[in-house]
Amino acid sequence: MRLMDGVRLAVGTLSVFPVRVRRVDRQVAGQAMVLAPAAGLVLGLLAGLPLLLPAPPLLGAALAVGLAALLTRGLHLDGLADLADGLGSGKPADQALDIMKKSDIGPFGVMTLVFTLLVQVAAVAEAGYWALVTACVAGRLTLAWACREGVPAARSEGLGAMVAGTVRRPAAWLATLAASLTAVLIGLLAGAWSGVPAGASLALLAGTGVALLLLRHARRRLGGITGDVLGALVETATAATLVVWALLP
């Protein structure tokens, strides 16, 4: 069943969970990107478990953010660092893409990683379990929009080339609606269980919007998306969603 192929590809690409991907083509890739927020929901529910331990909030937050990285093999953080090095170099697109392909991390990448992880840990310590779950959904929602029709790949090979332009706009909007409704339910749970105002949907949409601004900049500088760009979008949306939730009154 082709839909199950999309589920398998989403899980296999976005997590450490071993799955057998039987078929990979652009249609399956598009389905995987649309289903990515569902994978993010599962990852968030698991990554947030350290926050339920009887530990200081900051320690729990650090363990949760670390577990989130472990569950995704650190690929999104690697993409964030590579994109920061590429864009920070100020080089033309082809040279920036070459910098992003290198295995080492430069100063822009290090600074961006440190800042992003500090923000995520601090925001999770303030906002708690359900904020992290919502942020993980938001991070993966950006993948549907980054892979929508009309967004080209920056290279002719790699993950970006496989998924670029595979998601139709109605499917991206459907994924957004589903993610927003999920966030509303999360917000209600958060309000009922911890007294936190239910602003999860606002945080999700705001975080996604911030990531899409980065996508626009990356397209202008690089000419399209790559796997590194997608990873950077996930981490950016995650951090921005957490910040908005933590700042909610």
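Conventions we followed
- Residues numbered from 1 in each chain as written.
- Predicted model: local features only at pLDDT ≥ 70, side-chain atom pairs only at ≥ 80, totals over all residues.
- Heavy atoms only, no water.
- Helix = DSSP H or I, 4+ residues; strand = E, 2+ residues; numbered from the N terminus.
- Rg over C-alpha atoms; globule rule 2.2 N^0.38 Å.
- Buried < 20%, exposed > 50% of the residue type's maximum accessible area, 1.4 Å probe, protein only.
- Contact = heavy atoms within 4.5 Å.
- Areas by Shrake-Rupley, 256 points an atom, 1.4 Å probe, with all protein chains shown as cover.
- Lys, Arg positive; Asp, Glu negative; His and termini not counted.
- Charge placed at Lys NZ, Arg CZ, Asp CG, Glu CD.
- Core = buried A, V, L, I, M, F, W, Y, C linked by side-chain atoms within 4.5 Å.

K.L.:
Could you clarify how one ought to interpret the overall build of the protein chain in this entry?
P.N.:
For the protein chain, the helix and strand inventory stands at eleven helices and zero strands. Secondary structure of the protein chain in N-to-C order comes out as α-α-α-α-α-α-α-α-α-α-α. On C-alpha atoms alone, the protein chain measures out to a radius of gyration of 17 Å, which is about the 18 Å that the 2.2 N^0.38 rule sets for 249 residues. The principal-axis extents of the C-alpha atoms in the protein chain amount to approximately 50 × 45 × 30 Å. A buried classification covers 48% of the 249 residues belonging to the protein chain. Relative to all contacts within the protein chain whose residues are 6 or more apart in sequence, the contacts with residues 24 or more apart total 74%. Carbon and sulfur atoms make up 68% of the accessible area of the protein chain, which amounts to about 11200 Å² in all. Counting 19 positive and 13 negative side-chain charges, the protein chain places the averaged centre of each group 8 Å from the other.

K.L.:
Before we go on, may I ask you to explain the environment of M162 in this structure?
P.N.:
Positionally, M162 belongs in helix α8 (residues 159-163). By relative accessible area, which is 26% here, M162 ends up partly exposed. Sequence separation of M162 and G227 is 65 residues, and the distance between their C-alpha atoms is 9.5 Å. Ignoring anything within four residues of it in the chain, the contact list for M162 reads V24, R26 and A29.

K.L.:
It is not clear to me how the environment of L141 should be interpreted in this structure. Could you clarify?
P.N.:
Counting through the fold element by element, L141 comes out in helix α7 (residues 129-146). Of the residues examined, L141 reaches a relative accessible area of 0% and is grouped as buried. Each C-alpha atom of the pair L141 and R169 lies 13 Å from the other, and the pair is 28 residues apart in sequence. Discounting chain neighbours no more than four positions away, the residues touching L141 are P37, A175, T176, A179, L204 and T208.

K.L.:
Could you clarify how one ought to interpret the nonpolar core in this entry?
P.N.:
Side chains that are nonpolar tend, in soluble globular proteins, to be buried together. Counting 71 residues, the largest nonpolar core has L83, L222, I225, V229 and W245 as its most contacted members. Ranked by residues supplied to this core, first place goes to α7 with 14 residues.

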